[in-house]
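What follows is the residue order along each chain.
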Amino acid sequence: MAVCSAYTTQSLNSTCSISTPAKTHLGFHQKQVVFYRRSSKRGGSGSSSGPCVITCSAGDSQTVVIGLAADSGCGKSTFMRRLTSVFGGAAEPPKGGNPDSNTLISDMTTVICLDDYHSLDRTGRKEKGVTALDPRANDFDLMYEQVKAIKSGVAVDKPIYNHVTGLLDPPELIQPPKILVIEGLHPMFDERVRDLLDFSIYLDISNEVKFAWKIQRDMAERGHSLESIKASIEARKPDFDAYIDPQKKYADAVIEVLPTQLIPDDNEGKVLRVRLIMKEGVKHFSPVYLFDEGSTISWIPCGRKLTCSYPGIKFHYGPDTYFGNEVSILEMDGQFDRLDELIYVESHLSNISTKFYGEVTQQMLKHADFPGSNNGTGLFQTIVGLKIRDLYEQITSSKTAAPLEATKA
Ligand SMILES: Nc1ncnc2c1ncn2[C@@H]1O[C@H](COP(=O)(O)OP(=O)(O)OP(=O)(O)O)[C@@H](O)[C@H]1O
Ligand SMILES: O=C(CO)[C@H](O)[C@H](O)COP(=O)(O)O
């Protein structure tokens, strides 16, 4: 059995020929990590060629793992860009790697797309008559093993699903980052993967809004017809309802996007009612509140300090239950006219985990061109990004504080 350090796993990866999955007694600092060699087959399933087990010494730092679930075209990439910006630095695909990689790396974060764990490629799915949302088209064992390995400080050879060709490409090496974000259709589907998450988010886009966004992107930007967009949404719906939507009950935070209630019978989907649903009692996460924690409050901020045109802006905050869990919900209906005036709203929110007065407003202004910057989607995504930074700092500081406590005792 080879013994490695987390810093030398790259070379170990390349010599991953030790194929003796023997049971060993692991020492205090040792981890057992399973790598799979994956072969990419056209039109078939990219099967794993069996595990090789390596015993590694874990590095000092552990990766914090965040899960972000949503259907395709529901704003995951936009959210990721806001999140990585909170940590500073821009996220880029791995340098010198596959140009069709779905991975984004910045100083602090690595975002991997769970589409890379499709076990069936496009042709394979067609042949078997399953969608990418169907668990049978995804390799949850590999997803679990690799997220577990990264979390414990060990690099993995992660497969790549190529959205351009529809094939499974040769794997890319993923080094353990400070923060790993797993985004895609199924981050909370498999209980083993779910248990690895330090925090989870679900982007819950109502059908009406999803449709409006799809039209905006796929019709205006990609030249698809209205009929084909409708057909694609309808074809995905049964599997979406069966496998994707149920994950929201596990999420620590849900961003729910609905049509506005400020315009009677609105069907344009431009003005949005957005609800940030925050689970109570989550370790290292304290829900945001408006004015007074635990009270129920409706607030119309429009007036001398916030310019609003029709149909205005309405906030609501209060305690509630969600799938049997106690939650706090912060809601914003309407859209901002002037982002620089957002500071007025920000100053009435508490527990937003900013490092200085006006940080939310600064982030929103910085990315004013991102979709949703004038409404609750952008505002709540930014706030969740700040909460994740805070969670990361709490987790890492509690780890470094632990030995000190032990010394004191
Ligand atoms: N908050 C928003 N407000 C308005 N439109 C939005 C918002 N977020 C996303 N969109 C629309 O949805 C499209 C898809 O957004 P984005 O690329 O972030 O989603 P995604 O979930 O990463 O998609 P995919 O999984 O298909 O790559 C955008 O091009 C935009 O048209
Ligand atoms: O739901 C999806 C997640 O992004 C995609 O439809 C799935 O990954 C299949 O991709 P493609 O249509 O490129 O074969």
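Bear in mind the structure is a predicted one, so any value in this text is a computation, not a measurement.

Cut-offs applied
- Residues numbered from 1 in each chain as written.
- Chains lettered and ligands numbered in written order.
- Predicted model: local features only at pLDDT ≥ 70, side-chain atom pairs only at ≥ 80, totals over all residues.
- Heavy atoms only, no water.
- Phe/Tyr/Trp six-rings, centres within 6.5 Å; stacked < 30°, edge-to-face > 60°.
- Helix = DSSP H or I, 4+ residues; strand = E, 2+ residues; numbered from the N terminus.
- Pairing = 2+ DSSP bridges.
- Contact = heavy atoms within 4.5 Å.
- Axes fitted to C-alpha atoms, helices over the stretch in contact; angles between N-to-C directions.
- Disulfide = S-S within 2.5 Å.
- Buried < 20%, exposed > 50% of the residue type's maximum accessible area, 1.4 Å probe, protein only.
- Near = heavy atom within 4 Å.
- Polar contact = N/O pair within 3.5 Å; in protein donor to acceptor, adjacent residues only side chain to side chain.
- Areas by Shrake-Rupley, 256 points an atom, 1.4 Å probe, with all protein chains shown as cover.
- Nonpolar A, V, L, I, M, F, W, Y, C, P; charged D, E, K, R; others polar.
- Core = buried A, V, L, I, M, F, W, Y, C linked by side-chain atoms within 4.5 Å.
- Domains from an automatic or database assignment.
- UniProt positions renumbered as here; feature names shortened; annotations may be inferred.
- Parallel < 35°, antiparallel > 145°, perpendicular 65-115°, else oblique.
- Left-handed = near helix turned anticlockwise from the far one by under 90°.
- 1 Å grid on protein atoms, 1.4 Å probe; cavity = no way out; pocket = protein on both sides within 12 Å on 5 of 7 lines; lining within 4 Å.
- Points joined across faces, edges and corners; volume = space filled by probe spheres on them.
- Buried area = accessible area lost by both parts, 1.4 Å probe.
- Salt bridge = Lys/Arg side-chain N within 4 Å of Asp/Glu carboxyl O.
- Lys, Arg positive; Asp, Glu negative; His and termini not counted.

(A) Fine view of the packing of aromatic side chains. A complete count under the given rule lists eight aromatic pairs for this structure. Considering the side-chain rings of Phe 87 and Tyr 392, the 6.3 Å spacing of their centres and the 85° angle between planes classify their relative orientation as edge-to-face. Of this pair, Phe 87 sits in the loop between helix 2 (76-86) and strand 5 (104-105) while Tyr 392 sits in helix 10 (residues 376-408), and the two are 305 residues apart along the sequence. Ring geometry for Phe 189 versus Tyr 243: centroids 6.2 Å apart, planes at 75°, classification edge-to-face.

(B) Here's a closer look at the sheet that holds strand 5. With respect to topology, 10 strands assemble into an open sheet ordered 5-6-9-4-10-11-12-16-15-14, the strand pairing being mixed. Each end of this open sheet is capped by a strand with a single partner; those strands are strand 5 and strand 14 (297-299). Packed onto the sheet, helix 2 meets strand 4 (64-69), strand 6 (109-113), strand 9 (179-184) and strand 10 (199-205) and runs at close to 165° relative to strand 9.

(C) How the structure looks around the state of the cysteines. With the rule as written, the count across this model stands at one disulfide. Two residues, Cys 302 and Cys 308, share a disulfide whose sulfurs are 2.2 Å apart. The S-S bond linking Cys 302 to Cys 308 shows a torsion near -85°; that makes this disulfide left-handed. The class of Cys 302 is partly exposed, set by a relative accessible area of 26%. Under the relative-accessibility criterion, Cys 308 is labelled partly exposed at 24%. Left without a disulfide partner, Cys 113 is nearest to the cysteine sulfur of Cys 74, which lies 13 Å away.

(D) Structural view of the site of ligand 2. Lining the immediate environment of ligand 2, one finds Ser 72, Asp 115, His 118, Arg 122, Arg 125, Ala 132, Tyr 161, His 163, Leu 185 and Arg 236. One nitrogen or oxygen atom from the side chain of His 163 is found 2.8 Å from an oxygen atom belonging to ligand 2. Expressed as a share of its isolated accessible area of 370 Å², the protein-covered part of ligand 2 is 78%. Taken together, the residues that form the shell around ligand 2 break down as three nonpolar, three polar and four charged.

(E) A look at helix 2. Burial within helix 2 is extensive, with nine of its 11 residues counted as buried. Lys 76, Thr 78, Phe 79, Met 80, Arg 82, Leu 83, Thr 84, Ser 85 and Val 86 are the residues of helix 2 that are buried. Following helix 2 by one or two positions, Gly 88 has its phi on the positive side, about 85°.

(F) Region of the structure containing the nonpolar core. In this structure, Ile 66, Phe 199, Ile 201, Phe 315, Leu 330, Leu 379 and Phe 380 are the most contacted members of the largest nonpolar core, which totals 57 residues. Counting residues per element, this core draws most heavily on helix 10, which supplies nine residues. Both domains that meet at this core, namely domain 1 (59-211 + 221-238) and domain 2 (252-394), each give it at least three residues. Look past the residues within four positions of Ile 201 in its chain and what remains in contact with it is Ile 66, Gly 67, Leu 68, Ala 69, Phe 79, Met 188, Ala 251, Ala 253, Val 384 and Ile 388. In this structure, Leu 133, Val 154, Val 156 and Ala 251 belong to the second largest nonpolar core, which totals 32 residues.

(G) Geometry of the UniProt feature "domain: Phosphoribulokinase/uridine kinase" (unreviewed entry) in the chain. The UniProt record annotates "domain: Phosphoribulokinase/uridine kinase" (unreviewed entry) at residues 65-263. Annotation note: span residues 65-263, helix share 34%, strand share 24%, distance between end C-alpha atoms 40 Å.

(H) Broad picture of the packing of helix 6 (residues 207-221) against helix 7 (residues 226-244). Across the interface, helix 6 lies against helix 7 with an axial gap of 10 Å and an inter-helix angle of 135°. It follows from the interaxial angle that helix 6 and helix 7 lie oblique. Seen from above, helix 6 lies across helix 7 with right-handed handedness. Contact residues: Asn 207, Lys 210, Phe 211, Lys 214, Ile 215, Asp 218 and Met 219 in helix 6; Leu 226, Ile 229, Lys 230, Ile 233, Lys 237 and Phe 240 in helix 7. Partitioning the contact of helix 6 with helix 7 into residue classes produces seven nonpolar, one polar and five charged.

(I) The site of ligand 1, seen in detail. Around ligand 1 sit 14 residues in total, of which Gly 73, Gly 75, Ser 77, Thr 78 and Thr 377 are the nearest. At 3.0 Å, a side-chain N or O of Ser 72 approaches an oxygen atom of ligand 1. Taking Lys 76, its main chain carries an N or O atom lying 3.0 Å from an oxygen atom of ligand 1. Of all elements in the fold, only helix 2 and helix 6 reach the threshold of two or more residues within the shell around ligand 1.

(J) Molecular detail of empty space enclosed by the protein. Throughout the structure, instances matching the rule amount to two cavities of 30 Å³ or more. Here the largest cavity is characterised by a volume of approximately 80 Å³. In terms of lining, the largest cavity is formed by Asp 71, Ser 72, Asn 207, Lys 210, Lys 214, Ser 232, Ile 233, Arg 236, Lys 237 and Phe 240. The biggest single contributor to the lining of the largest cavity is helix 7, with five residues.

(K) Looking closely at the domain arrangement of the chain. Domain assignment breaks the chain into domain 1 (59-211 + 221-238) and domain 2 (252-394). A straight line from the C-alpha centre of domain 1 to that of domain 2 covers 25 Å. Looking only at domain 1, the three residues that lose the most surface to domain 2 are Arg 82, Val 86 and Phe 199, adding up to 31% of its buried area. Here domain 1 and domain 2 share zero salt bridges between them.

(L) Representation of the side chain of Asp 266 in the model. One can find Asp 266 in the loop between strand 11 (253-259) and strand 12 (272-279). Of the side chains with opposite charge, Lys 270 lies nearest to the buried Asp 266, which makes no salt bridge, at 8.9 Å.

(M) Highlighting the pattern of salt bridges. A full pass over the atoms with the stated rule returns 21 salt bridges. Notably, a salt bridge pairs Glu 256 with Arg 275, separated by 2.7 Å at the nearest N-O pair. With Glu 256 in strand 11 and Arg 275 in strand 12, this residue pair connects regions lying 19 residues apart in the sequence. Looking at Glu 256, the relative accessible area reads 12%, which means it is buried. Judged by its relative accessible area of 18%, Arg 275 is buried. A salt bridge links Glu 331 to Arg 275; the shortest N-O distance between them is 3.6 Å. On the criterion of sequence distance, the pair formed by Glu 331 in strand 16 (residues 325-334) and Arg 275 in strand 12 is long-range, its members being 56 residues apart. In this structure, Glu 331 and Arg 275 share a single accessibility class: buried.

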